[in-house]
Amino acid sequence: MQTVTLSPNAIRVLEKRYLAKSAKGEVIETAEELFRRVAKNIAEADPHYNATEDPAKTEDAFYALMVSGRFLPNSPTLMNAGRELQQLSACFVLPVGDSICEIFDAVKQTAIIHKSGGGTGFSFSRLRPKDDLVRTTGGVSSGPVSFMSVFNHTTEAIKQGGTRRGANMGILRVDHPDILDFIHCKADTGKIINFNISVAITDEFMRAAREDKDYPLINPRTRETVKRLSARMVLDEIAKEAHATGEPGLFFVDVTNRTNPTPHVGEIEATNPCGEQPLLPYESCNLGSINLERHLKRIDDRYEIDWEALEGTIRTSVHFLDNVIDVNRYPIRQIEEITKANRKIGLGVMGFARMLFKLGVPYNCLDGLRVAQQVMAFVRRVGYEQSGQLAELRGVYPNWRGSLHEKRGQRVRNAYITTIAPTGTVSMIADTSGGCEPEFSLIWYKNVMDGEKLPYILDYLIEAAKREGFWSEDLLERIVKNKGSVNGIDQVPPEWQRVFVTAHEISPEWHVRMQAAFQEYSDSAVSKTINLPSDAGVEEVTKAYLLAYELGCKGITVYRDGARPDQVMNVGSFR
Ligand code: CDP
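Residues numbered from 1 in each chain as written. Predicted model: local features only at pLDDT ≥ 70, side-chain atom pairs only at ≥ 80, totals over all residues. Heavy atoms only, no water.

Colleague: Even after reading the chapter, I still don't get the overall build of the protein chain, so can you show me in this structure?
Modeller: From N to C terminus, the protein chain includes 23 helices and 21 strands. Relative to its length of 575 residues, the protein chain is compact, with a C-alpha radius of gyration of 23 Å against a globular reference of 25 Å. In terms of principal-axis extent, the alpha carbons of the protein chain reach across some 75 × 60 × 55 Å. Scored against the burial criterion, the 575 residues of the protein chain give a buried share of 59%. Considering only residue pairs separated by 6 or more positions, the protein chain has 72% of its internal contacts joining residues 24 or more positions apart. Of the roughly 23,000 Å² that the protein chain leaves accessible, carbon and sulfur atoms contribute 50%. (Helix = DSSP H or I, 4+ residues; strand = E, 2+ residues; numbered from the N terminus. Rg over C-alpha atoms; globule rule 2.2 N^0.38 Å. Buried < 20%, exposed > 50% of the residue type's maximum accessible area, 1.4 Å probe, protein only. Contact = heavy atoms within 4.5 Å. Areas by Shrake-Rupley, 256 points an atom, 1.4 Å probe, with all protein chains shown as cover.)

Below is the structure:
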């Protein structure tokens, strides 16, 4: 039996939240047993479609995929598969209707989802604005921002019963009358801490911003225009707030709906908490990420992408993620119905930056973009082929008729196949870089769970330095003093300084270009932070917004270094 080789950090993460525990809180499961439990549970969907299929064979394939670190599903699958909860999805979007009853239905549904480790996204755009008429009481409405704090309190109170705290995404359309309050709601109140916030940006708004025109604010209850604002002024307000605090993000809602595979089922108005998964109301999605660093072959002292291995991983991963939909236990009936009718899965990658290190290709150059496009085009093409094969065996997804896939003559099992998740925790378990992000530092610690700090040292840097002749005993110390970077350290040859580039040496423009490269082949969206240096001006934020829109991104989140005192990642000493 293949055994797992996990780093000490990975084992710590697993022990804290993932491995089964006794009533007394003792860990009663090994990492191998965890992967076995998950593989067995997810393979159970097979006989349902094909009685002759041997589920033990599938189980072994799924086990091998995870235990070798080639692929990991999202945290809820690792935590809950084959256990009492059996809630396997990370991403949910819930509708919020414009009545007390509908709002509190959504609050209750949020509590149920958070309890099981899922994160929820909402559009509050259908709520009437603050101070608008409430007919039944003759009073006035509190407005979207005020109701968001109710959801926030709910999240706070649930704290996910020992798994993890559910994240939320709150979205408001840019043409909602309360938009200015919303843009500043986290800074002003300091209270909505369990939410990420994003403004849903329309094409009309972007046109008005470009031409320096006004655009209308519309009361969703009456559909009447209540006011007009300068689009540039509003975009500037967003940029100023994002420059100061990292939020709000932008969600390009019209761009997203142009590639909505099932427009006949509904319009997309929101995303999951980290933004990579736009979903219809009540839809859920399970994610999984391929570790690119584990798909390299070594030829002498160089690395190449192992396309054959990658193809095998993609096929098994699509099979795995499609099975998850069937063995998943859905917390709410409406969620089960639409999730099973669209069968969206989110297959993506992690370890991209580490793969580039090993390929000797800098992140911030055309070659870096080319590798991203090549890899993601491959994941998407093989993913579609595999989803097509599943469709032959298991049928196309039930809402396929009338979909964009039908119009293109594409028979697939899943309405979305590819996505790029942040892989915040699973990349720690796989011991690689997160999603499609560059490394933040070559030596660092991560503040994780309950303020604990875990140190990381990049092994491959030592290997390359020894091989290329720039190793010395004090190199690591120098990198620490140089804020985790090799940039400007004399003994490191310039070409290796370029290869081992870190997030802060990459200009916002290259960050956006890389996001766009991944977006091109992601059916859903891409989780990515556009890092800005601490001395960047507000106009650089606006420039990044315009470029992201121009290049077809579905959203954008910027973060200026040092903007928040509690930022998750910090450059630091390892000693
Ligand atoms: O690595 P892991 O599977 O734990 O998750 P991720 O890739 O960092 O995040 C994927 C999605 O999980 C997010 O976009 C959220 O929808 C959800 N999530 C959450 O609800 N709460 C968290 N604390 C982390 C993630």
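Colleague: Whenever I open this one, helix 4 (residues 55–67) confuses me. Can you help?
Modeller: The periodicity of an α-helix, 3.6 residues per turn, causes residues three or four places apart in sequence to face the same way. Look at helix 4: 18 Å from first C-alpha to last across 13 residues, which is about the 18 Å you get at 1.5 Å a residue. When we look at burial in helix 4, the residues that qualify are Thr 58, Glu 59, Phe 62, Tyr 63, Ala 64, Leu 65, Met 66 and Val 67. On its buried side, helix 4 packs onto helix 2 (31–43), helix 3 (46–49), strand 1 (71–73), helix 5 (75–80) and helix 13 (307–327). Measuring from the backbone nitrogen of Ala 56 back to the side-chain oxygen at the start of helix 4 gives 3.1 Å, which picks out Asp 54 as the cap. Gly 69 occupies a position one or two residues after helix 4 and carries a positive phi of about 75°. (Expected span 1.5 Å × (residues − 1). Polar contact = N/O pair within 3.5 Å; in protein donor to acceptor, adjacent residues only side chain to side chain.)

Colleague: Looking at this model, I keep getting lost on empty space enclosed by the protein. Mind explaining?
Modeller: If a probe as big as a water molecule is rolled over the atoms, it shows which places are left empty. Applying the stated criterion across every chain, the model contains two cavities of 30 Å³ or more. Here the second largest cavity is characterised by a volume of approximately 30 Å³. Along its surface, the second largest cavity is lined by Ala 353, Leu 356, Phe 357, Val 361, Pro 362, Tyr 363, Pro 438, Glu 439, Val 499 and Val 501. Sort the elements by how many residues they give to the lining of the second largest cavity and helix 15 (residues 352–359) lands first, with three residues. Mapping the lining of the second largest cavity onto the domain boundaries places at least three of its residues in each of domain 1 (8–87 + 284–427) and domain 3 (431–571). (1 Å grid on protein atoms, 1.4 Å probe; cavity = no way out; pocket = protein on both sides within 12 Å on 5 of 7 lines; lining within 4 Å. Points joined across faces, edges and corners; volume = space filled by probe spheres on them. Domains from an automatic or database assignment.)

Colleague: So what exactly am I meant to see when it comes to the site of the ligand here?
Modeller: The full set close to the ligand counts 20 residues, and Ser 75, Arg 164, Asn 272, Thr 423 and Gly 424 are the nearest of them. Take Gly 119: an N or O atom from its main chain is 3.3 Å from an oxygen atom of the ligand. At 3.3 Å from an oxygen atom of the ligand is found a main-chain nitrogen or oxygen belonging to Cys 274. Computed on the free molecule, the ligand has an accessible area of 530 Å², of which 90% lies beneath the protein chains in the complex. Counting residues domain by domain, the shell around the ligand receives three or more from each of domain 1 (8–87 + 284–427) and domain 2 (91–271). (Near = heavy atom within 4 Å.)

Colleague: So what exactly am I meant to see when it comes to the pairing of strand 8 (residues 214–218) here?
Modeller: In summary, the side chains of a regular strand alternate between the two faces of the sheet. Sheet topology places strand 8 next to strand 9 (residues 225–230); five bridges connect them, and they run antiparallel. The partner of Leu 217 across the bridge, within strand 9, is Lys 227. Counting the residues that bridge the hairpin from strand 8 to strand 9 gives six residues, and of these Arg 223 lies at a positive phi of roughly 65°. (Pairing = 2+ DSSP bridges.)

Colleague: Just checking my understanding: could you explain the state of the cysteines for this structure?
Modeller: A covalent bond between the sulfur atoms of two cysteines is referred to as a disulfide. Applying the stated criterion to the full structure yields zero disulfides. No disulfide involves Cys 436; its sulfur sits 10 Å from the nearest other cysteine sulfur, which is in Cys 553. (Disulfide = S-S within 2.5 Å.)

Colleague: Looking at this structure, I do not really get the domain arrangement of the protein chain. What am I missing?
Modeller: Often the size quoted for an interface is simply the accessible area lost on bringing the parts together. You can read the domains of the protein chain as domain 1 (8–87 + 284–427), domain 2 (91–271) and domain 3 (431–571). If you average the C-alpha positions of domain 2 and of domain 3, the two centres end up 30 Å apart. Contacts between domain 2 and domain 3 engage 22 residues on the former and 20 residues on the latter. Here domain 2 and domain 3 share an interface that buries about 1,700 Å² over both sides, 62% of which is from carbon and sulfur atoms. Contact with domain 3 buries surface across domain 2, with His 243, Leu 250 and Phe 252 losing the most and accounting together for 34% of the total. Summed over the shared surface of domain 2 and domain 3, the result is zero salt bridges. Between the two partners, domain 2 and domain 3, sit six residue pairs in polar contact (both at pLDDT 80 or more). Those elements that provide at least two residues to the side of domain 2 that touches domain 3 are helix 10 (203–210), helix 11 (231–245), strand 10 (249–252) and helix 12 (253–258). No other element matches helix 11, which puts nine residues into the side of domain 2 that touches domain 3. Split into classes, the residues belonging to the side of domain 2 that touches domain 3 amount to eleven nonpolar, six polar and five charged. (Buried area = accessible area lost by both parts, 1.4 Å probe. Salt bridge = Lys/Arg side-chain N within 4 Å of Asp/Glu carboxyl O. Nonpolar A, V, L, I, M, F, W, Y, C, P; charged D, E, K, R; others polar.)

Colleague: Which parts of the structure should I look at to understand the pairing of strand 20 (residues 555–560)?
Modeller: Burial analysis of strand 20 places five of its six residues in the buried class, which makes it a mostly covered element. The sheet contact formed by strand 19 (residues 529–532) and strand 20 spans four bridges and is parallel. Along strand 20, the bridge assignment pairs Asn 531 with Tyr 559. Handedness of the crossover joining strand 19 and strand 20 through helix 23 (residues 538–550): right-handed. (Right-handed = clockwise from strand over helix to strand, strands pointing away.)

Colleague: For this particular structure, what's the right way to read the packing of aromatic side chains?
Modeller: The description of two aromatic rings rests on the distance between their centres and on the angle between their planes. The full count for this structure, using the stated rule, is 17 aromatic pairs. Taking 5.9 Å as the distance between ring centres and 75° as the angle between the ring planes, the aromatic pair formed by Tyr 303 and Tyr 460 counts as edge-to-face. Note that Tyr 303 is positioned in strand 15 (residues 302–305) and Tyr 460 in helix 19 (residues 459–468), a separation of 157 residues in sequence. The two residues Tyr 303 and Tyr 460 agree in class, both being buried. (Phe/Tyr/Trp six-rings, centres within 6.5 Å; stacked < 30°, edge-to-face > 60°.)

Colleague: Mind showing me how you'd approach helix 23 here?
Modeller: Between its first and last C-alpha, helix 23 extends 19 Å over 13 residues, near the 18 Å set by a 1.5 Å rise per residue. Considered for burial, the residues of helix 23 that qualify are Val 541, Thr 542, Ala 544, Tyr 545, Leu 547, Ala 548 and Tyr 549. With its phi angle positive at about 85°, Gly 552 sits one or two positions after the end of helix 23.

Colleague: What is the right way to look at the packing of helix 15 against helix 16 (residues 366–394) in this model?
Modeller: Geometrically, a packed helix pair is captured by the angle between its two axes and the distance between the axes. Look at helix 15 against helix 16: their axes get within 11 Å of each other, and the N-to-C directions meet at 120°. As far as their axial angle goes, helix 16 and helix 15 are oblique. The two elements helix 15 and helix 16 meet at a crossing, and its hand is right-handed. Between helix 15 and helix 16, the residues in contact are Phe 352, Met 355, Leu 356 and Leu 359 and Gly 368, Val 371, Ala 372 and Val 375, respectively. (Axes fitted to C-alpha atoms, helices over the stretch in contact; angles between N-to-C directions. Parallel < 35°, antiparallel > 145°, perpendicular 65-115°, else oblique. Left-handed = near helix turned anticlockwise from the far one by under 90°.)

Colleague: How do you make sense of the environment of Met 169 when you look at a structure like this?
Modeller: With respect to the helices and strands, the residue Met 169 is situated in strand 6 (residues 168–173). Judged by its relative accessible area of 5%, Met 169 falls in the buried class. Remark: the alpha-carbon pair of Met 169 and Pro 76, spanning 93 residues in sequence, is separated by 18 Å. Those residues in contact with Met 169, other than ones at most four positions away along the chain, are Thr 120, Gly 121, Phe 122, Phe 195, Asn 196, Ile 197, Ser 198, Thr 271, Asn 272, Pro 273 and Gly 275.

Colleague: Got a minute to help me understand the confidence of the model for the protein chain in this structure?
Modeller: Interpreting fine coordinate detail is not advised for predicted regions of low pLDDT. Summary statistics for the protein chain give a mean pLDDT of 93 and a share of 94% for residues scoring 70 or more. Below pLDDT 50 for its whole length, residues 568–575 participates in 23 contacts with residues either more than four positions away or in separate chains. (pLDDT = per-residue confidence, 0-100.)

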